Structures are given as C-alpha cells and as structure tokens.
Amino acid sequence: MATQQEKREAESRERRRLALAQVRQFPDPVLKQRSRAVEAFDDDLSALAKRMLSLMDDAHGAGLAAPQIGLLRRMFVYHVSEDEGPVVVVNPEIVERSDETVVGGEGCLSISLLIDEHHDVPVERHERITLRAQDLDGTVVEREVEGHEARVIQHELDHLDGILILDRTTREARGDALRLLRRATT
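### Considering the side chain of H159
Along the polypeptide, H159 turns up in helix α4 (residues 147-160). The residues touching H159, leaving out its near neighbours within four places in the chain, are Q33, A65, P67, Q68, C108, S110 and L164.

This is the structure:
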C-alpha cells in the first residue's frame, strides 16, 4: 500500500507530465521566432498569466515564456523566491547589464529531456541586470536583479527573441546535448 508521501510524489510526477505535454519542445519552429509586443492589458492577459504560472509550477520550472506554449507574445512568468512569489513580466527589455558575467548550468522546459537526464547546459549570463517591463495592468516597472533571478530573466527573455540555451552554449556542450536528444528520439 502506497504511503501519503508516495501518492503525493506520484501525483506531482503526473502533473509534471501533463504540463510538459503543453510546452513546445525543441525543435518546434515556434521556439525560434521573435515574439510581438503585448498591446491589450485585459482579462484575457490575466487568464493567460494564471495559466502560465500553473503550467510552470506543475512542470517544476523556474520560468515559462509565452512562445513555449505556442503564443508569440512578449510575456513570461517566473518564480525564484518564496519571499516574493511568482512574477509576471510583459514587454520586457534589459536596460542595463553588468560587465561581470557568470557561466552556470541551465535547463529548459522546452528541452525537457535534458532536465530528465540531469544534463545542464553551460550558459554565460550577466551577473546583474536592470529589467524594464510592464505588469498585468500595463504599468511600467523596473527591477534591478542579480544572481539566479537575473539568469532566469535572461533565459526567459531569450525565448521571446527565439533564442534557446543551445544557441548560447559552447559548441562542445551543444553537440553533447544534441547527441543526447538524438539518442532519445531514435
């Protein structure tokens, strides 16, 4: 007989599987396209944000961009701090970057096989950034962030420009990741 903990873990795995089934996977062509600015700040946008936050949470991701669910809109969500909670970002732009960069391992919900294989891809990112964006009401907000939060924002912003971690990594790491993906699909 399964314990309560085992039941919760099984339910969590099933929610993750169902959520990832809704996330576009590499090499889906929509992941390589540039997104368009959001112009309508309405109930539909709020509903989209709610759906994206739920999918991100169920998929066990740190962030999710609209193109990852097939919508070419300049919008993403992320959650990196329990203190602050989830964040919705609309029409983002990085207005300032630190000179200091850091290489760190990244996964991606749109290349979920790499996550399943515990295969992070090394990506160089700016250590600190200033993000200017809009919230769900269309109000312009500016955030100065660093570390993991800055990395997640840069990763999600790349999705809005049709850039994947495979485009940002070393030639060797890209080759390793592509070989892993090919082996899994043959």
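After that view, the rundown keeps rolling.
### A look at helix α1 (residues 4-20)
Given a rise of 1.5 Å per residue, 17 residues ought to cover 24 Å, and the 24 Å separating the end C-alpha atoms of α1 matches this to within 8%. What α1 keeps buried is the set S12, R16, A19 and L20. Seen from one end, α1 has its buried residues packed into an arc of 90°, which puts them on one side. Contact partners of the buried residues in α1: α2 (43-58) and α3 (112-116).

### Some words on the nonpolar core
With 19 residues, the main nonpolar core has M52, L64 and M75 as its most contacted residues. Secondary-structure elements contributing two or more residues to this core are α1, α2, β2 (75-78) and β3 (87-97). Considering each element in turn, this core owes the most residues, six residues, to α2. If near-sequence neighbours (up to four positions away) are discounted, L64 is found in contact with V23, M52, L55, M56, I69, F76, V77, L109 and E156. Formed by 15 residues, the second largest nonpolar core is a distinct cluster that contains A65, L131, V152 and L157.

### Regarding the sheet that holds β3
Here five strands make up an open sheet; going across it, the order is β1-β2-β3-β6-β7 and the pairing antiparallel. Edge positions in the sheet fall to β1 (63-65) and β7 (140-146), since each of these pairs with one other strand and no more. Averaged over all pairs of adjacent strands, the angle between their axes in this sheet comes to 40°, without regard to strand direction. Pairing geometry for β1 and β2, over three bridges, is antiparallel. The residue of β2 that forms the bridge with L64 is V77. Contacts from α2 reach β1, β2 and β3 within the one sheet, and its direction differs from that of β2 by about 45°. Contacting β1, β2, β3, β6 (128-134) and β7, α4 runs over the sheet at an angle of about 150° to β2.

### Quick word on empty space enclosed by the protein
Regions of empty space are outlined by a rolling probe, equal in size to a water molecule, passed over the atoms. All chains considered together, the criterion is met by one cavity of 30 Å³ or more. In terms of lining residues, the largest cavity is bounded by C108, R125, H155, D158, H159, I163, L164 and I165. Counting residues per element, the lining of the largest cavity draws most heavily on α4, which supplies three residues.

### Some points on the environment of A59
With respect to the helices and strands, A59 occurs in the loop between α2 and β1. Taking the C-alpha atoms as reference points, A59 and E14, separated by 45 residues in sequence, lie 9.5 Å from one another. Leave out the neighbours within four places in its chain, and A59 touches R16, A19, L20 and L109.

Definitions and limits used
Residues numbered from 1 in each chain as written. Predicted model: local features only at pLDDT ≥ 70, side-chain atom pairs only at ≥ 80, totals over all residues. Heavy atoms only, no water. Helix = DSSP H or I, 4+ residues; strand = E, 2+ residues; numbered from the N terminus. Contact = heavy atoms within 4.5 Å. Expected span 1.5 Å × (residues − 1). Buried < 20%, exposed > 50% of the residue type's maximum accessible area, 1.4 Å probe, protein only. Arc of directions from axis to C-beta. Core = buried A, V, L, I, M, F, W, Y, C linked by side-chain atoms within 4.5 Å. Pairing = 2+ DSSP bridges. Axes fitted to C-alpha atoms, helices over the stretch in contact; angles between N-to-C directions. 1 Å grid on protein atoms, 1.4 Å probe; cavity = no way out; pocket = protein on both sides within 12 Å on 5 of 7 lines; lining within 4 Å. Points joined across faces, edges and corners; volume = space filled by probe spheres on them.

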